[in-house]
Amino acid sequence: MPDRSFLDWPFFEQRHRDWAEKLDAWCEKNLPVDHGDVDAACRDLVGRLGEAGFLKPTALDTANPGPLDVRTLCLTRETLARHDGLADFAFAMQGLGTGAISLFGSAEQQQWLDRTRAGKAISAFALSEPRSGSDVANMDMTATRAGADYVLSGEKTWISNGGIADLYTVFARTGEAPGAKGISAFLVPADTPGLEVAERLDVIAPHPLARLSFNDVRVPASAMIGKPGEGFKIAMSVLDVFRSTVGAAALGFARRALDETLDRAGSRELFGAPLFDLQMVQGHIADMALDVDAAALLIYRAAWTKDMGAPRVTREAAMAKLFATDRAQQVIDKAVQIHGGDGVRRGHIVESLYREIRALRIYEGASDVQKVVIARQMVK
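Not measured: the values here are computed from a predicted model.

A. Structural detail: the overall build of the protein. On a plain count of helices and strands, the protein comes out with ten helices and ten strands. Its C-alpha radius of gyration of 21 Å places the protein within 12% of the 21 Å reference for a compact globule of 380 residues. Principal axes of the C-alpha set define a box for the protein whose edges measure 80 × 45 × 40 Å. In the protein, buried positions account for 56% of the 380 residues. Summing over all exposed atoms, the protein offers an accessible surface of approximately 16,200 Å²; the carbon and sulfur share of this is 53%. Between the centroid of the 44 positive side chains of the protein and the centroid of its 50 negative side chains there is a distance of 5 Å.

Below is the structure:
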């Protein structure tokens, strides 16, 4: 039985506990799904999560506007990841893809949110480029004013939901100033002429990923999210909200790895006794439990701090993301080791966790970049 005692921590209100229990029950009945066709699986997951009401926290409720609840976002990602990494991915991208619209979008742009929260439209966040991943200010893609429109030209890559999304939040250089101060954000529907999927990207834990080509994509000036030159600020604000949730997904993977390890250690015999009786195995399990709880404390501290009204949680979110993803990698590696040959057998749960966790230490700010962020925040 998974440890749920952390739900009694003072970070949470009763509504969070009720949400987690309701979602966990849904996951038990509906997950995991078949990952054979990841595009179809993601579309199906978005639809079913939306129908069940579990996509509501991903975006602003236009009928009852209020701040995004980061604790609910984190609890949802942790729970989904513990059951199925692809379900976590489907949920997470609905939030990240619409984050800029929730936080900075116009009333017209926010009309999309009713559809994404209901699972009737899929969103994507198009920030990374072939030459600029962590170094966002170094992007090459341009958006040139042409009368009442902007014309977008360039490429985006490693775009989650690329190829299946209905709308993209796209960042491009509009040139108001050098570097970060000359970038703007745009809402671009997937059917806009000139927007093409140049390449589908296959990775060790399959998800819908693509390189996108923008060939003189013309959008109205009203497609700009926020003001000209605010794109970098918008992107960082979105990541400030959602970076903690990446740590939460890693935490979900780590919790599942620990649960599987406890089952294995209790049921597997070695030298005439349960595997758990070996002190070395007990030491590994103790380390795993310590990493899981420490990660959870950092994640829900960051989420609680943001929910309490902090304008930015850059340091807290970076710490949570860095620690949780790095330690989850170690927890899962120990799970593989304790499972022996089964741990590397394709299709086994700990083998899939081993593949799932690695990307989380790269996307939305690589671990090494998070260390730079934390250090800079400490000297401010």
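B. Main features of the pairing of strand E5 (residues 183-189). Counting buried positions along E5 gives six out of seven residues, so the element sits mostly inside the fold. By the bridge criterion, seven bridges tie strand E4 (residues 167-173) to E5 in an arrangement that is antiparallel. Considered in E5, the bridge of Thr169 is made with Leu187. The sheet contact formed by E5 and strand E8 (residues 224-225) spans two bridges and is antiparallel. Of the residues in E8, the one forming a bridge with Phe186 is Met224.

C. Seen up close, the nonpolar core. With 113 residues, the main nonpolar core has Leu152, Phe171, Phe186 and Tyr300 as its most contacted residues. Among the elements that take part in this core, helix H6 (residues 231-267) stands out by supplying 17 residues, more than any other.

D. A look at the environment of Ser132. With respect to the element layout, Ser132 can be found in the loop between strand E1 (123-126) and strand E2 (142-146). The class of Ser132 is buried, set by a relative accessible area of 1%. Once the C-alpha coordinates of Ser132 and Lys156 are considered, the two residues, 24 residues apart in sequence, prove to be 9.4 Å apart. Ignoring sequence-local partners within four residues, the contact set of Ser132 consists of Asn138 and Met139.

E. Highlighting the pairing of E4. Most of E4 is tucked away: seven of the seven residues are buried. Burial along E4 is two-sided: Leu167, Thr169, Phe171 and Arg173 facing one way and Tyr168, Val170 and Ala172 facing the other are all buried.

F. Representation of helix H10 (residues 367-378) in the model. Under the 1.5 Å per step criterion, the end-to-end length of H10 is 17 Å for twelve residues, consistent within 8% with the ideal 16 Å. When H10 is considered as a whole, its buried residues turn out to be Ser367, Gln370, Val373 and Ile374. The buried residues of H10 occupy an angular sector of 105° when the element is viewed end-on, so they sit on one face. Facing away from the buried side of H10 by more than 90 degrees, the exposed set consists of Asp368 and Arg376.

G. Structural context of the layout of surface pockets. Computed from the structure, the largest pocket encloses a volume of approximately 1,400 Å³. Residue lining of the largest pocket: 49 residues in total, with Ser128, Ile362, Tyr363, Glu364 and Gly365 positioned closest to the centre. Elements represented by at least two residues in the lining of the largest pocket include exactly helix H4 (85-104), strand E3 (149-160), H6, helix H9 (349-358) and H10. In terms of residues, the lining of the largest pocket owes the most to one element, H6, which gives eight residues. Here the lining of the largest pocket is built from residues that sort into 26 nonpolar, eleven polar and twelve charged.

H. Representation of helix H8 (residues 314-339) within the structure. Under the 1.5 Å per step criterion, the end-to-end length of H8 is 37 Å for 26 residues, consistent within 8% with the ideal 38 Å. Along H8, 19 of the 26 residues are buried, which leaves the element largely enclosed by surrounding structure. The positive-phi residue at the C-terminal boundary of H8 is Gly340, with phi of around 65°.

I. Broad picture of the packing of H6 against helix H7 (residues 279-307). Across the interface, H6 lies against H7 with an axial gap of 9 Å and an inter-helix angle of 155°. The orientation of H6 with respect to H7, classified from their angle, is roughly antiparallel. In this structure, H6 meets H7 at a crossing whose hand is left-handed. Looking at the contact of H6 with H7, its residues break down into 18 nonpolar, three polar and three charged.

Basis of the calculations
- Residues numbered from 1 in each chain as written.
- Predicted model: local features only at pLDDT ≥ 70, side-chain atom pairs only at ≥ 80, totals over all residues.
- Heavy atoms only, no water.
- Helix = DSSP H or I, 4+ residues; strand = E, 2+ residues; numbered from the N terminus.
- Rg over C-alpha atoms; globule rule 2.2 N^0.38 Å.
- Buried < 20%, exposed > 50% of the residue type's maximum accessible area, 1.4 Å probe, protein only.
- Areas by Shrake-Rupley, 256 points an atom, 1.4 Å probe, with all protein chains shown as cover.
- Lys, Arg positive; Asp, Glu negative; His and termini not counted.
- Charge placed at Lys NZ, Arg CZ, Asp CG, Glu CD.
- Pairing = 2+ DSSP bridges.
- Core = buried A, V, L, I, M, F, W, Y, C linked by side-chain atoms within 4.5 Å.
- Contact = heavy atoms within 4.5 Å.
- Expected span 1.5 Å × (residues − 1).
- Arc of directions from axis to C-beta.
- 1 Å grid on protein atoms, 1.4 Å probe; cavity = no way out; pocket = protein on both sides within 12 Å on 5 of 7 lines; lining within 4 Å.
- Points joined across faces, edges and corners; volume = space filled by probe spheres on them.
- Nonpolar A, V, L, I, M, F, W, Y, C, P; charged D, E, K, R; others polar.
- Axes fitted to C-alpha atoms, helices over the stretch in contact; angles between N-to-C directions.
- Parallel < 35°, antiparallel > 145°, perpendicular 65-115°, else oblique.
- Left-handed = near helix turned anticlockwise from the far one by under 90°.

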